[in-house]
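# Summary of the model geometry
Chain by chain, the residues:
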Amino acid sequence: MNFTKFPRRNYLQGPTPIESMPSLSSALGGGVKLYIKRDDLLPGSGGGNKTRKLEFCIADAIDQGKNAIITCGAVQSNHCRLTAAWSAKEGLDCHLILEERVAGSYKADASGNNFLFELLDVKSIDVVSGGSDMVAAMGKKAAELAAAGKKPYIVPGGASNAIGAMGYAVCAEETMGQLNEMRLGIDHIIVPSGSAGTHAGMVVGMAGVSGGIPISGVNVSRSKDVQEEIVYNLAVELAATIGVKGGPAREDIVCFDQYVGPGYSLPTDSMVEAVKLFARTEAVLLDPVYSGKAAAGLIDLVRKGHFADGSQVLFLHTGGSPALYAYMDTFRQG
Ligand SMILES: *Cc1c(COP(=O)(O)O)cnc(C)c1O
């Protein structure tokens, strides 16, 4: 794969570590060996997956001479936090549209990522109700800023367009390089599947390096069919953008939707268990909304015997731990 023709900033300081998780593996019976790719340790205030995507999206904005970034997310969005962080670092204004997906969930004085929006000096926060047309809301903001003489650039939710998802094609290539160097044979990769750029990017990147490792997504909001279609469409667009021949096959896109629970960002018992288990066995901090639910899926699949005995499974840790501080009651009660 050749990424050199796309504008790109240098936010990474090298590959994120791949570590083994021996204590967690034995806590789950020891039949499956678990590994973790630490994208929670990516640079950017608080870490997490959006930094890889923003290397391309913010570079595209700068390349076009823009000076104000607009993006959107949920009230505790890691994506909004990292967009604010890299905008601050680049000297760009950042404006956020927050979707109150759970009615009444926005609190101006909330902890977690919300507190960091303020610390990172976002220029405006507009809160809209769940189900609002976010593209329209960002377009309206862009028109206002343009009228005020600014040059706005819209980064879509989760930075999950073909530009942002390229960051995860890069990650797949990086991962395969590390596995070859470590001579570590991985049979399966598990990733969270939200706005879909991570999942689509990993699948396309894996195809681009002919790595052949199956990748499954664990959904955080949508049903299997709907999510697989979203991931597939983005993967096709991304493959065309990068020039990965043949594109991904529809059957390469696999999602599990049994771990969503009552809905996006709403806690589940298995998420609480997963967050505690990762913390207490591997001292790895997950988050309540994404990596915690994806890890709940991983744990359940291991327990159910989904992976053959003796197989080695890599979990992509996409970060998000700052959101833990907005959910302390959930973990204290759980
Ligand atoms: C955004 C996010 C995800 C999901 O990645 P997508 O590319 O949106 O599917 C997973 N984990 C964390 C911590 C995130 O912030």
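Above this text sits the structure in question.
These figures come from a predicted structure and were not determined experimentally. (Residues numbered from 1 in each chain as written. Predicted model: local features only at pLDDT ≥ 70, side-chain atom pairs only at ≥ 80, totals over all residues. Heavy atoms only, no water.)

### Side note on the overall build of the protein
Across its full length, the protein carries eleven helices and ten strands. The C-alpha atoms of the protein give a radius of gyration of 19 Å, which matches the 20 Å a tight globule of 334 residues would have. For the protein, with 334 residues in total, the buried portion stands at 57%. Look at the contacts in the protein between residues 6 or more apart in sequence, and 79% of them connect residues 24 or more apart. Just so you have it, the protein exposes about 13300 Å², and 51% of that area is on carbon and sulfur atoms. If the 30 positive side-chain charges of the protein are averaged to one point and the 34 negative ones to another, these points end up 3 Å apart. (Helix = DSSP H or I, 4+ residues; strand = E, 2+ residues; numbered from the N terminus. Rg over C-alpha atoms; globule rule 2.2 N^0.38 Å. Buried < 20%, exposed > 50% of the residue type's maximum accessible area, 1.4 Å probe, protein only. Contact = heavy atoms within 4.5 Å. Areas by Shrake-Rupley, 256 points an atom, 1.4 Å probe, with all protein chains shown as cover. Lys, Arg positive; Asp, Glu negative; His and termini not counted. Charge placed at Lys NZ, Arg CZ, Asp CG, Glu CD.)

### Considering the environment of M206
Along the chain, M206 falls in helix α7 (residues 197-208). Assessed through its relative accessible area of 4%, M206 is described here as buried. The spatial distance from the C-alpha of M206 to the C-alpha of P248 is 9.6 Å, given a sequence separation of 42 residues. If near-sequence neighbours (up to four positions away) are discounted, M206 is found in contact with A172, M176, I189, G211, G212, I213 and I215.

### Some thoughts on the side chain of S77
Mapped onto the elements of the fold, S77 is located in the loop between β3 (68-74) and α3 (78-90). Residue classification places S77 among the buried residues on the basis of a relative accessible area of 6%. A distance of 2.8 Å separates a polar atom in the side chain of S77 from the backbone nitrogen of C80. Excluding its chain neighbours within four sequence positions, the residues that come into contact with S77 are N113 and F117. (Polar contact = N/O pair within 3.5 Å; in protein donor to acceptor, adjacent residues only side chain to side chain.)

### A word on the packing of aromatic side chains
One pass over the full model with this rule turns up four aromatic pairs. Taking the centre distance of 3.9 Å and the plane angle of 5° together, the rings of Y11 and W86 count as stacked. Residue Y11 is found in the segment before β1 (18-20), and its partner W86 is found in helix α3; the two are separated by 75 residues along the sequence. Here Y11 matches W86 in class, with each residue buried. Pairing Y264 with Y290 gives two aromatic rings, centres 5.9 Å apart and planes at 70°, and the pair type is edge-to-face. One end of the pair, Y264, is in the loop between β9 (254-256) and α9 (269-282); the other, Y290, is in the loop between α9 and α10 (291-303), with 26 residues separating them in the sequence. Y264 gets classed as buried once you look at its relative accessible area, which sits at 12%. (Phe/Tyr/Trp six-rings, centres within 6.5 Å; stacked < 30°, edge-to-face > 60°.)

### As for helix α5 (residues 134-147)
In an α-helix, one turn spans 3.6 residues; hence positions three or four apart end up facing the same way. End to end, α5 covers 20 Å across 14 residues, agreeing with the expected 20 Å (1.5 Å per residue, within 8%). What α5 keeps buried is the set M134, A137, M138, K141, A142 and L145. Seen end-on, α5 carries its buried residues on one side only, within an arc spanning 140°. Residues of α5 that are exposed and angled more than 90 degrees away from the buried face: V135, K140 and A147. Those residues of α5 that are buried are in contact with β3, β4 (93-100), β5 (124-129) and β6 (152-154). (Expected span 1.5 Å × (residues − 1). Arc of directions from axis to C-beta.)

### Quick look at the nonpolar core
Counting 50 residues, the largest nonpolar core has L54, I186, I189, M202 and I242 as the members making the most contacts within it. Counting only elements with at least two residues in this core, the list comes to α2 (50-63), α3, α6 (162-182), β7 (188-193), α7, α8 (224-242) and β10 (312-317). In terms of residue count, the dominant contributor to this core is α6 (nine residues). Both domains that meet at this core, namely domain 1 (18-48 + 160-332) and domain 2 (50-159), each give it at least three residues. Residue contacts for I186: discarding those within four places in its chain leaves Y35, L179, I213, Q312, V313 and L314. Counting residues in each nonpolar core, the second largest holds 35 residues, with L24, V272, V289 and L324 among its members. (Core = buried A, V, L, I, M, F, W, Y, C linked by side-chain atoms within 4.5 Å. Domains from an automatic or database assignment.)

### A closer look at the sheet that holds β5
The strand order across the open sheet built from four strands is β5-β4-β3-β6, with neighbouring strands paired in parallel fashion. The sheet is open, and its two edges are formed by β5 and β6, each paired on a single side. Strand-to-strand twist across the sheet, computed as the mean angle between neighbouring axes with direction ignored, equals 25°. One ladder, built from six bridges, connects β4 with β5; its direction is parallel. Bridging across to β5, E99 finds its partner in V128. (Pairing = 2+ DSSP bridges. Axes fitted to C-alpha atoms, helices over the stretch in contact; angles between N-to-C directions.)

### Re unusual backbone geometry
Of note in the backbone geometry, D121 takes a positive phi value of approximately 65° without being a glycine. On the secondary structure map, D121 appears in the loop between α4 (113-119) and β5. Even without being glycine, R183 reaches a positive phi, approximately 50°. Note on placement: R183 falls in the loop between α6 and β7.

### Describing the site of the ligand
The ligand sits among 17 residues. The nearest are K50, K53, S195, T198 and T318. Contacts to the ligand include G194, whose backbone N or O atom sits 2.7 Å from an oxygen atom. Here the ligand, which alone exposes 370 Å², has 98% of that area covered by the protein. Partitioned by chemical class, the residues of the shell around the ligand number three nonpolar, eleven polar and three charged. Each of domain 1 (18-48 + 160-332) and domain 2 (50-159) gives at least three residues to the shell around the ligand. (Near = heavy atom within 4 Å. Nonpolar A, V, L, I, M, F, W, Y, C, P; charged D, E, K, R; others polar.)

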